[in-house]
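Listed here are the chains, written in short residue letters.
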Amino acid sequence: MTTPKTCLNYINGQWLPAKSGATLESRNPADWRQLVATFPRSEAVDVDAAVEAARNAYRQWRLVPAPARAGYIYRVAELLIQHKEELAQLMSREMGKAIAEARGDVQEGIDCALYYAGEGRRLFGQTTPSEMPNKFAMTVRMPIGVCALITPWNFPVAIPCWKALPALVCGNTIILKPAGDTPACASFLIQIFHDAGFPEGVVNLVHGFGSEVGKALTEHPDIDLVSFTGSSQTGAEIGSTCGRTHKRVCLELGGKNAQIVMDDADLELALEGAVWGAFGTTGQRCTATSRLLLHRDIKDKFTSMLVERTAKLRLGAGIDPNTNVGPLVNVAQLQRVSGYLEVAHFEKAKVLIGGKIANIGDLKYGFFFEPTILDNVTPDMRVAREEIFGPVVSLIEVNSFEEAIKILNDTPYGLSSSIYTGDVNRAFQAMRDIEAGITYINGPTIGAEVHLPFGGVKQTGNGHREAGTAALDVFSEWKSVYVDFSGRLQRAQIDNH
């Protein structure tokens, strides 16, 4: 498989341009002079064609036995393994991720495919006793229909796999709308689905702007479910539209995650977690560590350790194996992060290291921002409450475990969380009292695994979870089945008392 240079939509088993012929460009964020790919600027008419294909294919796909549907997904895993390095290299060039992390992104897709292929021989329901004699009761999972999958650029293989694979094994058909910053990765991934042999119309891809393609998908009357990962503001708009039109909707939104470091913590271990959590993927993760809540007894020492370690991080193109921190994905993201540093200065936070756009030497044609540590941050500051989505971490001093938990929870979000402590009692209290969908004990806020539910509370989402068996509850619905073999009318709640 060759890296696509001219990306197309994939509708009903065919690679097609936008009906208007309009195109957009994807450029390397480490060097914007390098064109990675062109891709269609699709519109509602292209969405209509994809929905029609998916709707027609659904009639037969839902009847394919789940173990047979899983066979296609196993083939996806095999092809991802075969093309792992090629896809990782493309990802690193297209969205800037360090190459080791890009390989991890593809590996997560592989793990996801293997996991959900296994679910094809499970998809368990329940059998349960009836309250009536000679009557059998059970529950089964049923597919929902045509699913629109709207995915971000920061995990351009893993997140589409998180959504597509459980949807497909449950018997749904899909339309993927990828981020405009990663069309080549999406096209490569859908080529893998094509090569895996999925029937025409089961898997579809439509490129374009969210305001055009995403909006058309969300509003389309023949879309049954929308699964969206992205900003809380956009998620609220999608949720509102789906509520009015009675669509199923799964939202995975923002985070403002904190790592607590207590006075009894292993500081070297906590340091490794803080650096990885704050600066991995250039801070462009919904699970990134954007707040460090440091106990007063270790704050000065830990801060010195953190500044020293951060100073050693190497900025550069993600494709360079010596790079620790790659570029931000685009100029808008660079301006966003830079703008938050202006906010930090206004709020009287202290910049210990970083804080500036990096544009010297090999970095001058990319969207690089220095890894940044902010001190003297208080919980009420915007930099402590709003998602920055860049390589910026805020230090907040706490006097006690109880204060740390209170500050951690004092945010509109509740995705991931972490505490470093040697006290098992504190660890279990944290697991109980932290308001988040994910809590790590003596580990960073990043590192979710595909067989566990992923998602958060409060404005982080709408209560659904991705990954694990929880994703099956998003992409299927329960049917209760009663089989009465008594040969007579039996009235539940009436004839049994």
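Structural data are supplied above this passage.
Residues numbered from 1 in each chain as written. Predicted model: local features only at pLDDT ≥ 70, side-chain atom pairs only at ≥ 80, totals over all residues. Heavy atoms only, no water.

**Q** Help me get a handle on the packing of helix 2 (residues 66-82) against helix 6 (residues 183-195), residues and values and all.
**A** The interhelical angle for the contact between helix 2 and helix 6, taken along N-to-C directions, is 130 degrees, at an axis separation of 9 Å. Accordingly, the angle class assigned to the pair helix 2 and helix 6 is oblique. Where helix 2 crosses over helix 6, the two elements pack in a sense that is right-handed. Contacts between helix 2 and helix 6 pair R75, V76, L79 and L80 from the former with L189, I192, F193 and D195 from the latter. In terms of residue class, the contact of helix 2 with helix 6 is built from 6 nonpolar, no polar and 2 charged. (Axes fitted to C-alpha atoms, helices over the stretch in contact; angles between N-to-C directions. Helix = DSSP H or I, 4+ residues; strand = E, 2+ residues; numbered from the N terminus. Parallel < 35°, antiparallel > 145°, perpendicular 65-115°, else oblique. Left-handed = near helix turned anticlockwise from the far one by under 90°. Contact = heavy atoms within 4.5 Å. Nonpolar A, V, L, I, M, F, W, Y, C, P; charged D, E, K, R; others polar.)

**Q** Describe the side chain of E108, with residues and values.
**A** Mapped onto the elements of the fold, E108 is located in helix 4 (residues 99-119). One buried charge, E108, has no salt-bridge partner; the nearest side chain with opposite charge is R285, at 6.5 Å. Excluding residues that lie within four positions of it along the chain, E108 makes contacts with A158, W162, A448 and V450. (Buried < 20%, exposed > 50% of the residue type's maximum accessible area, 1.4 Å probe, protein only. Lys, Arg positive; Asp, Glu negative; His and termini not counted. Salt bridge = Lys/Arg side-chain N within 4 Å of Asp/Glu carboxyl O.)

**Q** For the sheet that holds strand 5 (residues 126-129), give the residues involved together with the corresponding values.
**A** Strand order in the open sheet formed by 3 strands is 5-6-23, and the pairing between neighbours is antiparallel. Single-partner strands in this sheet number two, and they are strand 5 and strand 23 (476-484). Taken over all neighbouring pairs, the strand axes of this sheet differ in orientation by 25 degrees on average, direction set aside. Relative to strand 6 (residues 135-143), strand 5 runs antiparallel, the two sharing 4 bridges. (Pairing = 2+ DSSP bridges.)

**Q** Let's hear about the pairing of strand 4 (residues 31-40): which residues, and what values?
**A** Sheet topology places strand 3 (residues 23-28) next to strand 4; 6 bridges connect them, and they run antiparallel. Within the sheet, the bridge partner assigned to E25 lies in strand 4 and is T38. Hairpin connection of strand 3 to strand 4: 2 residues between the antiparallel strands.

**Q** Describe unusual backbone geometry, and please don't skip the residues or the numbers.
**A** Unusually for a residue other than glycine, H246 sits at a positive phi of about 60 degrees. Relative to the helices and strands, H246 resides in the loop between helix 8 (232-245) and strand 11 (248-252). Of note, T281 is a non-glycine position whose phi angle comes to about 55 degrees, a positive value. With respect to the helices and strands, the residue T281 is situated in the loop between helix 9 (267-279) and strand 13 (289-295).

**Q** If you had to explain the state of the cysteines to someone new, which residues and values would you point to?
**A** This structure, assessed with the given rule, holds 0 disulfides. With no disulfide partner, C185 has as its closest neighbouring cysteine sulfur the one in C7, 9.1 Å distant. With no disulfide of its own, C242 lies closest to C250 among cysteine sulfurs, the gap being 11 Å. The exposure class of C242 is buried, given its relative accessible area of 0%. (Disulfide = S-S within 2.5 Å.)

**Q** I'd love a proper account of helix 11 (residues 331-346), names of residues and values included.
**A** Across its 16 residues, helix 11 extends 23 Å between first and last C-alpha, which sits within 8% of the 22 Å expected from 1.5 Å per residue. Packed against the buried residues of helix 11 are strand 14 (350-353), strand 15 (357-358), strand 16 (368-369), strand 17 (372-375) and strand 18 (392-398). Sitting at the head of helix 11, N330 places a side-chain oxygen 3.2 Å from the backbone nitrogen of A332. Among the residues trailing helix 11, K348 stands out with phi positive, at a value near 70 degrees. (Expected span 1.5 Å × (residues − 1). Polar contact = N/O pair within 3.5 Å; in protein donor to acceptor, adjacent residues only side chain to side chain.)

**Q** A description of the sheet that holds strand 14 should follow, citing residues and the corresponding values.
**A** Here 7 strands make up an open sheet; going across it, the order is 14-17-18-13-12-20-21 and the pairing mixed. Each edge of the open sheet is held by one strand with a lone partner, namely strand 14 and strand 21 (438-441). Averaged over all pairs of adjacent strands, the angle between strand axes in this sheet comes to 25 degrees, irrespective of strand direction. Packing of helix 9 onto the sheet brings it into contact with strand 12 (257-261), strand 13, strand 17, strand 18 and strand 20 (416-420), and relative to strand 12 it is tilted by some 170 degrees.

Function cannot be inferred from these measures alone, as they are strictly geometric.
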